[in-house]
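If you want the building blocks of each chain, they are given just below.
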Amino acid sequence: MNRRTWWALVLLSALWGAAYPLIEIALQGLSPVHVVLGRVATAAVMLTPLALRYGALQPLLRHPRAVIETALMQSTAPLLLLTVGQQYVPSGLAGILVGAQPLFVALLAVRFAPGERPRGWHGILGLVLGFLGLILLFGFDLRGGPEELLGGVLLVGAAVCYAAGGLMIHRRHADAEPLGVATCSMLVTTCALLIPGVLSLPSSVPDLSVLGVLMVLGVVCTGGTLVLFYTLVSRAGPARAALAFYLSPAFAVLFGVTLLHERLTAVTALGLVAIVAGAALAGRSEKTAAL
């Protein structure tokens, strides 16, 4: 990859990592439903004109049921689980737990996508190492009571949903334009949460700072990152673009420590290394090894 591509990859990782502290700030004035609705609706407004311009939606509209099921699994469910879970878990730790997504992709692939399953000793080692990292975090960093434990479970649930949704996209929409898939996910999630969001509007208008953070979440950390990710996929290939999945948890921890003054323990750092290294090994294939 050239220098420009590397910088784009680092920027994408940083923006994904920045989403976690921004969510934590937004939750100070909004409910989880409104945080998710605000960010996906903003992203939908941003992405839909692009998708229409490039004709990325028409092929997907021929299979509405498959699109809705995929969007609910890959977008609606994990975003809700992630945001509810972050009410009880620090943002950096949340980024690490959701960053375990590639582990679950590898695990689910054994049953649902044999061609993508982990292979060889590095695949087994990656799964073992990654899940040891999760056990470490649950055993030492999530001991603040039932709510914190519940938050950790919800965040891992979000990682599982992201993994399952990714496999659904691979199996059902492999020939679709990625921009169309992303736009449909934002539109379906907006529609799914619109009525609950309207029925539970806050009694007072949130602070402008909270609304500003929500706008950044929608425009930059959701819509902007989707455009940047798929641009990287087209320029550098999916394997190289996927490196951002492994880098973003480190940025989540960095931003949590520097912006929200979260505590970084040795166990957190060790869990981060174990999960990221395990995910990289479990997701490694003969193709990616040759890059």
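Predicted, not measured: the structure shown is a model, and the values here were computed from it.

The secondary structure content of the chain amounts to 13 helices and zero strands. For 291 residues, the compact-globule estimate of 2.2 N^0.38 gives 19 Å, and the C-alpha radius of gyration of the chain, at 18 Å, lies within 12% of that figure. On the principal axes, the C-alpha backbone points of the chain span a range of 55 × 45 × 40 Å. Of the contacts formed within the chain by residues at least 6 apart in sequence, a portion of 89% connects residues at least 24 apart. Of the roughly 14,200 Å² of accessible surface on the chain, 68% is carried by carbon and sulfur atoms. The distance from the centre of the 17 positive side-chain charges to the centre of the 11 negative ones in the chain is 12 Å.

A separate point is the nonpolar core. Of all hydrophobic cores here, the largest spans 62 residues; its most connected members are Leu-82, Leu-97 and Leu-217. Per-element tally for this core: the top contributor is helix α2 (residues 32–53), with eight residues. Leu-9, Leu-12, Leu-232 and Ala-241 belong to the second-largest nonpolar core, a separate cluster that totals nine residues.

Topologically, Thr-83 is positioned in helix α3 (residues 64–85). Separated by 2.7 Å, the side chain of Thr-83 and the backbone oxygen of Leu-79 make a polar contact. Apart from the residues lying within four places of it in its own chain, the contact partners of Thr-83 are Ile-23, Leu-27, Pro-32, Val-35 and Val-36.

With a phi angle near 55°, His-261 is a residue other than glycine that sits in the positive phi range. By the secondary structure assignment, His-261 is in the loop between α11 (243–260) and α12 (266–282).

Here we take up helix α4 (residues 91–98). Within α4, eight of the eight residues are buried, leaving the element largely enclosed by the surrounding structure. Within α4 the residues assigned to the buried category are Ser-91, Gly-92, Leu-93, Ala-94, Gly-95, Ile-96, Leu-97 and Val-98.

A few words now on the pattern of salt bridges. Applying the stated rule across the entire model yields two salt bridges. Arg-65 is paired through a salt bridge with Glu-69; the nearest N and O atoms lie 3.0 Å apart. Placement of the pair is Arg-65 and Glu-69 together in helix α3, with a separation of four residues, close to one helical turn. Here Arg-172 and Glu-69 are joined by a salt bridge, their closest N and O atoms 2.7 Å apart. Residue Arg-172 is found in helix α7 (residues 146–172), and its partner Glu-69 is found in helix α3; the two are separated by 103 residues along the sequence.

Next up on the list: the confidence of the model for the chain. When pLDDT is averaged along the chain, the result is 89, and 95% of the positions lie at 70 or above. Every residue in residues 285–291 scores below 50 in pLDDT, and together they form five contacts with partners more than four places removed in sequence or on other chains.

The residue Cys-221 is located in helix α9 (residues 208–236) in this model. Along the sequence, Cys-221 and Gly-17 sit 204 residues apart, while their C-alpha atoms lie 8.8 Å from each other. The residues touching Cys-221, leaving out its near neighbours within four places in the chain, are Leu-15, Trp-16, Ala-19, Leu-22, Arg-39 and Val-216.

With that settled, consider the packing of aromatic side chains. Taken as a whole and assessed by the stated rule, the structure comprises five aromatic pairs. An aromatic cluster is defined as three or more aromatic residues linked by ring pairs; in this entry it consists of Trp-16, Phe-229 and Phe-245.

Helix packing for two helices is described by the angle between their axes and how far apart those axes are. Contact pair α3 / α7: the axes reach a minimum separation of 8 Å and the direction vectors enclose 160°. Comparing the axis directions of α3 and α7 gives the class roughly antiparallel. Both α3 and α7 take part in a crossing whose hand is left-handed. The residue makeup of the contact of α3 with α7, split by class, is 16 nonpolar, seven polar and two charged.

Attention now moves to the packing of α2 against α3. Two numbers describe how α2 lies on α3: the axes approach to 9 Å, and their chain directions differ by 130°. Between α2 and α3, the angle falls in the class oblique. Viewed along their axes, α2 and α3 form a crossing whose handedness is right-handed. Taken together, the residues of α3 that come into contact with α2 (itself represented by Pro-32, Val-33, Val-35, Val-36, Arg-39 and Val-40) are Leu-79, Leu-80, Thr-83 and Val-84.

Moving on: the environment of Thr-258. Summarising the element assignment, Thr-258 is placed in helix α11. Residue Thr-258 is classed as partly exposed on the basis of its relative accessible area, which comes to 45%. A polar side-chain atom of Thr-258 sits 2.8 Å from the main-chain carbonyl oxygen of Leu-254.

Bringing the side chain of His-34 into the picture now. When you line up the elements, His-34 lands in helix α2. Of note is the side chain of His-34, whose polar atom sits 2.8 Å from the side chain of Ser-31.

Calculation rules
Residues numbered from 1 in each chain as written. Predicted model: local features only at pLDDT ≥ 70, side-chain atom pairs only at ≥ 80, totals over all residues. Heavy atoms only, no water. Helix = DSSP H or I, 4+ residues; strand = E, 2+ residues; numbered from the N terminus. Rg over C-alpha atoms; globule rule 2.2 N^0.38 Å. Contact = heavy atoms within 4.5 Å. Areas by Shrake-Rupley, 256 points an atom, 1.4 Å probe, with all protein chains shown as cover. Lys, Arg positive; Asp, Glu negative; His and termini not counted. Charge placed at Lys NZ, Arg CZ, Asp CG, Glu CD. Core = buried A, V, L, I, M, F, W, Y, C linked by side-chain atoms within 4.5 Å. Buried < 20%, exposed > 50% of the residue type's maximum accessible area, 1.4 Å probe, protein only. Polar contact = N/O pair within 3.5 Å; in protein donor to acceptor, adjacent residues only side chain to side chain. Salt bridge = Lys/Arg side-chain N within 4 Å of Asp/Glu carboxyl O. pLDDT = per-residue confidence, 0-100. Phe/Tyr/Trp six-rings, centres within 6.5 Å; stacked < 30°, edge-to-face > 60°. Axes fitted to C-alpha atoms, helices over the stretch in contact; angles between N-to-C directions. Parallel < 35°, antiparallel > 145°, perpendicular 65-115°, else oblique. Left-handed = near helix turned anticlockwise from the far one by under 90°. Nonpolar A, V, L, I, M, F, W, Y, C, P; charged D, E, K, R; others polar.

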